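If you want the building blocks of each chain, they are given just below.
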Amino acid sequence: MTIMSYFVYILRSVSTGKIYIGHTMNLQHRIAQHNDLNNRLTLHTKRNTGPWEVLYYEEYKTRAEAMRRERFLKTGHGRNFIHRVVLKK
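The structure displayed is predicted, hence computed values, not measured ones. (Residues numbered from 1 in each chain as written. Predicted model: local features only at pLDDT ≥ 70, side-chain atom pairs only at ≥ 80, totals over all residues. Heavy atoms only, no water.)

What's the story with the overall build of the protein chain in this structure? I'm lost.
Of regular secondary structure, the protein chain possesses four helices and three strands. For 89 residues, the compact-globule estimate of 2.2 N^0.38 gives 12 Å, and the C-alpha radius of gyration of the protein chain, at 13 Å, lies within 12% of that figure. Split into buried and exposed, the 89 residues of the protein chain put 37% on the buried side. For the protein chain, long-range pairs separated by at least 24 residues make up 55% of all intrachain contacts whose partners lie at least 6 apart in sequence. For the protein chain, the accessible surface area stands at approximately 6,000 Å², while carbon and sulfur atoms represent 55% of it. Across the protein chain, the mean location of the 16 positive side-chain charges is 7 Å away from that of the 6 negative side-chain charges. (Helix = DSSP H or I, 4+ residues; strand = E, 2+ residues; numbered from the N terminus. Rg over C-alpha atoms; globule rule 2.2 N^0.38 Å. Buried < 20%, exposed > 50% of the residue type's maximum accessible area, 1.4 Å probe, protein only. Contact = heavy atoms within 4.5 Å. Areas by Shrake-Rupley, 256 points an atom, 1.4 Å probe, with all protein chains shown as cover. Lys, Arg positive; Asp, Glu negative; His and termini not counted. Charge placed at Lys NZ, Arg CZ, Asp CG, Glu CD.)

What follows is the structure, given as structure tokens:
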């Protein structure tokens, strides 16, 4: 039995500096989707130009844990964490 991992990730647009927060089971594949101009599964990163680079990621055992962390990172306290720890501002 293979143990699945889930990732919460933070991307930044190289061209605009905008931040994107998401979760996935396959981090490399998901980043490629964000940077693929023909992929329509990533509307947020299509409306905001890339290319997108990975700033930060965390690994979790369950999707529920990853989704909980993603929701937190999208709150005010989570954004403070991103600025303080990830962006070091």
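It is not clear to me how the nonpolar core should be interpreted in this structure. Could you clarify?
A general trend in soluble globular proteins is that nonpolar side chains are found buried together. Among the nonpolar cores identified, the biggest contains eleven residues, and these are Tyr 6, Val 8, Ile 10, Ile 21, Tyr 60, Ala 66, Leu 73, Phe 81, Ile 82, Val 86 and Leu 87. Those elements that place two or more of their residues in this core are strand 1 (6-13), helix 3 (63-73) and helix 4 (76-86). When neighbours within four sequence positions are excluded, Tyr 6 is seen to be in contact with Thr 24, Met 25, Glu 58, Glu 59, Tyr 60, Lys 61, Thr 62, Arg 63 and Ala 66. (Core = buried A, V, L, I, M, F, W, Y, C linked by side-chain atoms within 4.5 Å.)

Whenever I open this one, the packing of aromatic side chains confuses me. Can you help?
In this description, a pair of aromatic rings is defined by centroid distance and the angle of the planes. Per the counting criterion, the structure on display carries three aromatic pairs. Pairing Phe 7 with Tyr 57 gives two aromatic rings, centres 6.0 Å apart and planes at 65 degrees, and the pair type is edge-to-face. In this pair, Phe 7 sits in strand 1 while Tyr 57 sits in strand 3 (residues 52-60), placing the two residues 50 residues apart along the sequence. Judged by centre distance (6.1 Å) and plane angle (40 degrees), the ring pair of Tyr 9 and Tyr 20 falls under tilted. Residue Tyr 9 is found in strand 1, and its partner Tyr 20 is found in strand 2 (residues 19-24); the two are separated by eleven residues along the sequence. Taken as a pair, Tyr 9 and Tyr 20 share a single burial class, namely buried. (Phe/Tyr/Trp six-rings, centres within 6.5 Å; stacked < 30°, edge-to-face > 60°.)

Before we go on, may I ask you to explain the pattern of salt bridges in this structure?
Opposite charge on two side chains makes pairing possible when the charged atoms of those side chains draw close. Summed over all chains, the structure comprises three salt bridges. Close ionic contact of Arg 12 with Glu 53 constitutes a salt bridge, the shortest N to O distance being 3.3 Å. In this pair, Arg 12 sits in strand 1 while Glu 53 sits in strand 3, placing the two residues 41 residues apart along the sequence. Residue class for Arg 12 comes out partly exposed when judged on its relative accessible area of 28%. A salt bridge links Arg 69 to Glu 58; its shortest N-O distance comes to 2.8 Å. A residue pair is termed long-range when its members are at least 10 positions apart, and Arg 69 in helix 3 and Glu 58 in strand 3 qualify at eleven residues. With respect to burial, Arg 69 and Glu 58 carry one shared label: buried. (Salt bridge = Lys/Arg side-chain N within 4 Å of Asp/Glu carboxyl O.)

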